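# Analysis of the macromolecular model
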Amino acid sequence: MHHHLLQSLRLCATTGNPSHGKTLHALILKIGLDQYGALPNTLISMYAKCGLINHAVQLFDEMPQRDPVSWASILTAYNRANLPNRSISIFPNMFVHDHLQPDHFVFASLVNSCAALNALKIGRQVHAQFVMSRFSSDDITKSSLVDMYAKCGSLDVARAVFDTIRSKNTISCTAMISGYAKGGRKSEAIELLKDMKVQNLFSWTALISGLIQSEHFITAFHLFIQMQKEGIKIVDSFILSSLIGASANLAALELGKQVHCLVSKLGFESSLYVCNTLVDMYAKCSDILAAKTAFHSTVKKDVISWTSIIVGLAQHGKAEEALSLYNDMISTGLKPNEVTFVGLIYACSHVGLVNKGRDLFKSMVDDYGLNPNLQHYTCLLDLYSRSGHLDEAENVLNTMPFEVDEAVWASLLSACKRFGKTRMGIRVANRLMGLGVKDPSSYILLSNAYAGASMWESVAKVRKLMAVIDVKKEPGYSCVHLGKETEVFYAGETGHPMKNEMRVLLKDLEEEMRKRGYVPDVSFVLHDMGKQEKENQLFWHSERLAVAYGLLNGVPGSVIRVVKNLRVCGDCHTVLKFICGIVGREIVVRDASRFHHFKDGKCSCSDFW
DNA sequence: CTAGGGTTAG
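The rules behind the values
- Residues numbered from 1 in each chain as written.
- Chains lettered and ligands numbered in written order.
- Predicted model: local features only at pLDDT ≥ 70, side-chain atom pairs only at ≥ 80, totals over all residues.
- Heavy atoms only, no water.
- UniProt positions renumbered as here; feature names shortened; annotations may be inferred.
- Salt bridge = Lys/Arg side-chain N within 4 Å of Asp/Glu carboxyl O.
- Helix = DSSP H or I, 4+ residues; strand = E, 2+ residues; numbered from the N terminus.
- Buried < 20%, exposed > 50% of the residue type's maximum accessible area, 1.4 Å probe, protein only.
- Pairing = 2+ DSSP bridges.
- Domains from an automatic or database assignment.
- Contact = heavy atoms within 4.5 Å.
- Buried area = accessible area lost by both parts, 1.4 Å probe.
- Polar contact = N/O pair within 3.5 Å; in protein donor to acceptor, adjacent residues only side chain to side chain.
- Nonpolar A, V, L, I, M, F, W, Y, C, P; charged D, E, K, R; others polar.

For chain A, an unreviewed UniProt entry supplies the name DYW domain-containing protein and the organism Deinandra increscens subsp. villosa. Looking at the Sequence similarities (unreviewed entry) heading of the UniProt record, one finds this comment for chain A: "Belongs to the PPR family. PCMP-H subfamily."

The following block contains the structure:
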């Protein structure tokens, strides 16, 4: 009878459905076996695996006689319920109340809690106890320790523990590979995988996703091809969502589409992780229509699905759609989280919905009990700045409970320039100067602000600082995606085989632009040089080259998609607005901070970025 | 009866 009950409980645990388990529990109570043999601990584990942590805790608390297995079970239950801090806080009661010593199962669970909490200090304490215990040679606890140290960034300690593991297996190696890969230690990660006798999908996934997290995207794709050549079967979707994320990071639409095809071919279209990354990928690859399609074809949507599309729409300047989807989300009964609100407030700032944005900020705190973070304040500030509510913006800046960095002050300064608030501009400029400036574009803003107020001494000071600190602008480059081909252009690049055609095209366009009222704005050029020279610099900015190339080589009438590493220059922004009108083409530029959809002479960012 | 590795939004 006892044996049969244990087996039934184990079955409930694997199916994850507690209803049969509850019936069994009732039966066990009725026949008085609830404290007999392995039954109480198995019940705890069954409830935990079915997601009913409270039932598990109640059983544990009410047990008259607990043993180390009970402790291992409850600690695992807390970890499983995403409450690793509870594990750490109740553990001392194992000594204090129950007078028990931890075994290797308990150690492994505790190490896992520390890994989840990134609690290196406590992790080291557990490690010390483990070393002094009679279980100190347990390999499984050691592989947990490897994982814990790796997750806390102590890769060399992780390796030292790894080297003491007597019989290394796929699991311990995978933990170490994952650590190296996430830490960007590419060659060590790859070498360890190559040395493994048995490689499986887990170890390859750890390697490839880890490298993607440390931004080695191209290497990751090469390794993925190699993995398939080795005949590793893709039996779950973990690696696919990682690769879709990598495509998003590269803004490589064609690559992302290929992974999407693979998803369909292998039958993982219903995986929520995959669906969510697809929405994000299409948005980041500037194909917001495909992002919407992916979102609507997600059957069971969670907060992340909704947030992904809301953020995507917001970044593409489609604020009304983002806000309307938020209403749909609320009516499904889902609760937004802090990321959702970043997207929403960001959306409001794009279309100047000041009151709506302010209400959302309030609603986040009052209705959902969320704490605004630096990003929320930055969005709120942006909302006020963009709409010309500069006093409110300055007020937010002075009262928000966060340290503010250079970029935030610079953004307010640029708003002052835009709305002609000279006096506030000087105040902000002085604050910015006091902060210590690193970004070259901040120097341009500062110099322009002081020049605008005829404060020539300050202008000279900024210039001098610039020379002393030797501000180096990261070289600007733009990629244009034409079907499967990608062409990269650097600012001032002169060696391209199609240079002449591109120059002729840009010259022709400039002539037409000047007829329509275009005047080059040389205030965006950093270096000291003559006006003609400055205009010449602007002419060869990488985003223009990329667009010219796209016009010459792309499919006529198609959308031109450009990705730039820096923020798009102000003069280029004006130029692209003219060009899209002249040639009647849509141009989408993803720059370092947002998307710009140029269409019919206008840009989706409303000229503020 | 209890323990170890790999995916998503800012």
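As a further point, take the pattern of salt bridges. Applying the stated criterion across every chain yields a total of 17 salt bridges. Salt-bridge contacts for Glu-394 lead to Arg-427; the nearest nitrogen and oxygen are separated by 2.7 Å. Linking Glu-394 in helix H25 (residues 390-399) with Arg-427 in helix H27 (residues 422-435), this pair joins segments that are 33 residues apart in sequence. Since its relative accessible area comes to 12%, Glu-394 is described here as buried. Since its relative accessible area comes to 41%, Arg-427 is described here as partly exposed. One salt bridge in this structure joins Lys-564 and Glu-543, with 3.1 Å as the shortest N-O distance.

With that settled, the discussion passes to the UniProt feature "repeat: PPR" (unreviewed entry) in chain A. UniProt marks residues 169-203 and 302-336 with the feature "repeat: PPR" (unreviewed entry), using the numbering shown here. When the span residues 169-203 is considered, its composition is 74% helix and 0% strand, and the gap between its end C-alpha atoms is 11 Å. Across residues 302-336, helical content stands at 74% and strand content at 0%; the span's end C-alpha atoms are separated by 10 Å.

Most of strand E3 (residues 560-564) sits inside the fold, with 5 of its 5 residues counted as buried. Neither face of E3 is open: one carries Ile-560, Val-562 and Lys-564, the other Arg-561 and Val-563, and all of them are buried. As paired strands, strand E1 (residues 477-482) and E3 are joined by 4 bridges and run antiparallel to one another. Looking at the pairing, Val-480 lines up with Val-562 of E3.

Moving on, we get to the domain arrangement of chain A. By domain assignment, chain A separates into domain 1 (1-57), domain 2 (405-469) and domain 3 (477-603). Here the C-alpha centre of domain 3 lies 27 Å away from the C-alpha centre of domain 2. Opposite the 6 residues of domain 2 that make contact, domain 3 presents 5 residues. Across the domain 2/domain 3 interface, buried area totals approximately 460 Å², and carbon plus sulfur atoms make up 54% of it. It is Ile-444, Arg-463 and Met-466 in domain 2 that bury the most area against domain 3; as a group they hold 68% of the surface buried on that side. Connecting domain 2 to domain 3 are 0 residue pairs in polar contact (both at pLDDT 80 or more). Going through the elements one at a time, helix H28 (440-452) and helix H29 (456-469) are the ones with two or more residues in the side of domain 2 that touches domain 3. By residue number, the principal contributor to the side of domain 2 that touches domain 3 is H28, which donates 3 residues. For the side of domain 2 that touches domain 3, a count of residues per class yields 3 nonpolar, 1 polar and 2 charged.

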